[in-house]
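# Structural overview for review
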Amino acid sequence: MAVASLSFIVGILGNIISILVFLSPITTFQRIVKKKSTENFKGIPYISTLLSTSLWTYYGLLKPGGMLIVTVNGAGAILQAIYVTLFIIYAPKDSKVKHLKLAGIFNVGFYTTVVLITFLVTHGSVRLTVVGFLCAGLTLGMYASPLVSMRNVIKTKSVEYMPFALSFFLFLNGGVWSVYSVLVKDFFIGVPNAIGFVLGSTQLIVYTIYKNKATEKPMDKPEEEGSTHLVHGTVEMGTYDKEMKKERSLNKMWSLPKPTLSRQLSFQKIITKSHSMNVNSLPLSDDIENQAENLVNGHDR
């Protein structure tokens, strides 16, 4: 009696946490609807979770005393159907076609096939076992599907596309349902949720690492770069100043002050006078040479 009461309490707690897990993508889809674009978000996790919750609802209906399984997974299936619909609406054309095909194949075709085959072919405990194995495998897929986002985080070194709330509540969900499975002795619930607990822990660790890397500002390297730029800038400025001084001195040497009009006229007069003197002196020098020759000839005579 005490174990049944404890399992019921843990089951209620598991329902609450699971509903929070299913509600955690609301902020993501608010962003998608606001921007009218799915950006780099992945739609496969929502398709796989829709299939998982649908099969778990069917499993809860088959299992005696499985009402807590039905309630939480039924609510989860409705929410996941809304998410998948919104994702397909706002996805780019090629992605839209791809996700429509996946949703049609798994959420309609595969689910309907499982229900029909297990309901028509198998009976009793065999039916429950077959559905239980399928649910356990899909639950592992639900927990592992965020690993795609985790790989994207490691690749881009950014946690923008791995919502913290989803990773955190998957971690809690796996832990609580693992405890519940031990209390009710349900192997199909216990194994995938225990693995989900480990995967959720890994996602939180990765989120913490790359969240810190995103918020850290490297102090030393920018300072060194800044000081290097400062030194180079000082050298360049010094060289520039020297070149400017040289250029100014050359300008002073080659660009003489322009003479005034009066100075130009006086300068022209001087040149004219000297030129006339040189011209008049040429015959004078010829006369002197003739006289010298006459004297020499007279002396010889």
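Residues numbered from 1 in each chain as written. Predicted model: local features only at pLDDT ≥ 70, side-chain atom pairs only at ≥ 80, totals over all residues. Heavy atoms only, no water.

### Considering the nonpolar core
Ranked by size, the top nonpolar core spans 40 residues in total, and within it Trp56, Tyr59 and Val84 carry the most contacts. Of all the secondary-structure elements, those providing two or more residues to this core are helix H1 (2–23), helix H2 (26–35), helix H3 (44–62), helix H4 (67–90), helix H5 (93–120), helix H6 (124–144), helix H8 (164–184) and helix H9 (187–215). In terms of residue count, the dominant contributor to this core is H4 (nine residues). Among residues more than four places away in sequence, those in contact with Val84 are Tyr46, Ile47, Leu50 and Ala103. (Core = buried A, V, L, I, M, F, W, Y, C linked by side-chain atoms within 4.5 Å. Buried < 20%, exposed > 50% of the residue type's maximum accessible area, 1.4 Å probe, protein only. Helix = DSSP H or I, 4+ residues; strand = E, 2+ residues; numbered from the N terminus. Contact = heavy atoms within 4.5 Å.)

### Description of the packing of aromatic side chains
A complete count under the given rule lists nine aromatic pairs for this structure. A ring pair is formed by Phe29 and Tyr46, whose centres lie 5.0 Å apart and whose planes are at 70°; its orientation type is edge-to-face. Placement of Phe29 in helix H2 and of Tyr46 in helix H3 is noted, with a sequence separation of 17 residues between them. There is no split in this pair, since Phe29 and Tyr46 are both buried. Relative to Tyr59, the ring of Trp56 has its centre 5.1 Å away and its plane inclined at 85°; by these criteria the two rings are edge-to-face. (Phe/Tyr/Trp six-rings, centres within 6.5 Å; stacked < 30°, edge-to-face > 60°.)

### Quick notes on H3
Since one α-helical turn is 3.6 residues long, residues separated by three or four positions face the same way. In this model H3 runs 27 Å from its N-terminal to its C-terminal C-alpha over 19 residues, within 8% of the 27 Å that 1.5 Å per residue would give. For H3, the tally of buried residues reaches 16 of 19 residues, placing the bulk of the element in the interior. (Expected span 1.5 Å × (residues − 1).)

### Digging into the environment of Ile195
Of note, Ile195 is situated in helix H9. Each C-alpha atom, one on Ile195 and one on Ser178, is 9.1 Å from the other, the two residues being 17 residues apart in sequence.

### Quick word on the environment of Arg151
Tracing the backbone through its elements, the reader meets Arg151 in helix H7 (residues 146–156). Take Arg151: its relative accessible area is 61%, and that puts it in the exposed class. Sequence separation between Arg151 and Met162 is eleven residues; the distance between their C-alpha atoms is 9.8 Å.

### So, the pattern of salt bridges
Enumeration according to the criterion identifies three salt bridges in this entry. Measuring nitrogen to oxygen at the nearest pair gives 2.7 Å for the salt bridge that ties Arg31 to Glu39. Residue classification places Glu39 among the partly exposed residues on the basis of a relative accessible area of 28%. Asp186 is the salt-bridge partner of Lys63, the closest N and O atoms lying 3.3 Å from each other. Remark: Asp186 occurs in the loop between H8 and H9 and Lys63 occurs in the loop between H3 and H4; sequence separation between them is 123 residues. Under the relative-accessibility criterion, Asp186 is labelled buried at 5%. Three or more residues joined by partner-sharing salt bridges are found here, namely Arg31, Lys35 and Glu39. (Salt bridge = Lys/Arg side-chain N within 4 Å of Asp/Glu carboxyl O.)

Read these as layout, nothing more, since geometry by itself doesn't imply function.
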